[in-house]
Amino acid sequence: MPHSSASPAFSATKAQSRPPHASATTARRLLSLDAFRGFVILAMIWVNYIAGMPGIPPWLEHASAKADGFTLPDLVFPGFLFIVGIAIPLSLHKSIGHFSLPLLGRLAWRAGSLMLAGVVLANAYRYDAAHALLPRAWYFLLFYVAMILLWRQTAQRSWSFWAGVLLMLFLLASFRGTLNAEFSSVYLQHSWWGILGMIGWAYLLCSLIYLAARGHGAALMGALAALIVLYMGCKAGALAGVQQAVNGFVNLPEVLGSTAANVLAGTLVGNLFVAQSAGHRQRIRFMFLFALGLLLCGLLLRPYHGINKIQATESYTLVCSGIVLGLFLLFYIVIDVWQWQGWCVILLPAGANALFAYIAPDLWEQFAAVLHLPRIWWPYLHSGGIPGLLNAAAMTLAIMALVATANRAGFKLRF
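Residues numbered from 1 in each chain as written. Predicted model: local features only at pLDDT ≥ 70, side-chain atom pairs only at ≥ 80, totals over all residues. Heavy atoms only, no water.

1. Here's the deal with the overall build of the protein chain
Assigned secondary structure in the protein chain consists of 16 helices and zero strands. A compact globule built from 415 residues would reach a C-alpha radius of gyration of about 22 Å, and the protein chain, at 21 Å, matches this within 12%. Structurally, the protein chain occupies a C-alpha span of about 60 × 50 × 50 Å along its principal axes. Buried positions account for 53% of the 415 residues belonging to the protein chain. (Helix = DSSP H or I, 4+ residues; strand = E, 2+ residues; numbered from the N terminus. Rg over C-alpha atoms; globule rule 2.2 N^0.38 Å. Buried < 20%, exposed > 50% of the residue type's maximum accessible area, 1.4 Å probe, protein only.)

Structure representation (structure tokens):
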């Protein structure tokens, strides 16, 4: 990657050059990671609620498709990708050197579940209730029910899991959609993978990279650089033949290149928390230098393709990853180093049950639509402005309270 050798982040690779082995003591659960995940979920819910709302400041709107820059909402998805990456070493470090078909099956199930959900939600806007078996609200309510049955956290698979399988198969088969320039079939069709599908692809690729690298920091840093080079090579036309063969199924530069690089940057940080010898000082030093290096590399590469979210440019990925890491570093210092933890209690429920928190807003809307409830909880949705922003904040807190209630009832999702 151009200019990368001068970056402090790459000079900091020695801080984690030794791989974490299965014999290393597993770090206790990172409270800062749960809090930061909850913070990203809270931000995601709020910016989704205010999307398209009139009378809000430009910095709270998504940057335009051709913009060279980003706004506050444009940081949410990179933040989510980054915390997915942090979690990879925490869940897979004991599997280093023990690769097996069951492990590959678990990775494929996790990634495939996200991909499937992403495809359904990417098709949602064209759902044709006039020709489908179910009204729109019933279809998507049952879709979320099927997701819950499949992802419900239980000791072992029970009848509810297989009920979820049957329900999901029925929903996939019964989908009917309108035709347009993007979709040529009335049936459920893959066009792009949706947000969840992109996460699934990036998670699968980065998990395999982590296992192949055996957790070595230097190898992971090299893989991160390679993913950025992959994106740039595709944009330069150097891999046109490969792109032509692959892009019809999964977008090579944006999904397997820059989006995966965002996740792998998080994986490098997560690697710090399974290394037996890493203490607070070493972790803080690496994260600070790595964040600075990501920012510098992103700014140096900006003249090539700019900072653009829609194109998932290399500069957008690197700059946003650097900012997100800087924010996570602040959470880590305050919560895990200084032990100032009481303030983050509002964030922890969503951090510990992120999948349910992700689907809860639309689950509620579909449930209310099935019951034909008047949307009295949205008095300022269409008028917007400061009242609309506060209305969205109140709804976000209500969803966080719903997730906390689900947690207390033992209702958690995982895939």
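2. Focus on helix H2 (residues 31-50)
Taking 1.5 Å per residue as the helical rise, H2 with its 20 residues ought to reach 28 Å, and the 29 Å between its terminal C-alpha atoms agrees with that figure. Burial analysis of H2 places 14 of its 20 residues in the buried class, the great majority of the element. Phi for Gly52, located one or two positions after H2, is positive at around 80°. (Expected span 1.5 Å × (residues − 1).)

3. Quick look at the packing of aromatic side chains
Enumeration according to the criterion identifies 26 aromatic pairs in this entry. With centroids separated by 5.9 Å and ring planes inclined at 65°, the aromatic side chains of Tyr139 and Phe175 adopt a geometry described as edge-to-face. Highlighted residues: Tyr139 in helix H5 (residues 136-151) and Phe175 in the loop between helix H6 (159-174) and helix H7 (194-212), separated in sequence by 36 residues. Ring centres of Phe286 and Phe290 lie 5.3 Å apart, and the angle between their planes is 35°; this geometry places the pair in the tilted category. With Phe286 and Phe290 both in helix H11 (residues 280-300) and four residues apart, the pair spans about one turn of that helix. Take Phe286: its relative accessible area is 1%, and that puts it in the buried class. (Phe/Tyr/Trp six-rings, centres within 6.5 Å; stacked < 30°, edge-to-face > 60°.)

4. Things to note about the pattern of salt bridges
Enumeration over the complete set of coordinates arrives at five salt bridges. In this structure, Asp68 engages Arg302 in a salt bridge whose closest nitrogen and oxygen atoms are separated by 3.2 Å. Placement of Asp68 in the loop between H2 and helix H3 (76-92) and of Arg302 in helix H12 (residues 302-305) is noted, with a sequence separation of 234 residues between them. Put simply, Lys309 and Asp74 hold a salt bridge, and the shortest N to O gap is 3.7 Å. (Salt bridge = Lys/Arg side-chain N within 4 Å of Asp/Glu carboxyl O.)

5. Comments concerning empty space enclosed by the protein
Considering all chains together, one arrives at one cavity of 30 Å³ or more under this definition. Considering only enclosed or pocket space, the largest cavity measures out at about 30 Å³ in volume. If you go around the largest cavity, the residues you meet are Ala63, Ser64, Ala67, Gly69, Asp74, Asn308, Lys309 and Ile310. Grouping the amino acids of the lining of the largest cavity by side-chain chemistry returns three nonpolar, three polar and two charged. (1 Å grid on protein atoms, 1.4 Å probe; cavity = no way out; pocket = protein on both sides within 12 Å on 5 of 7 lines; lining within 4 Å. Points joined across faces, edges and corners; volume = space filled by probe spheres on them. Nonpolar A, V, L, I, M, F, W, Y, C, P; charged D, E, K, R; others polar.)

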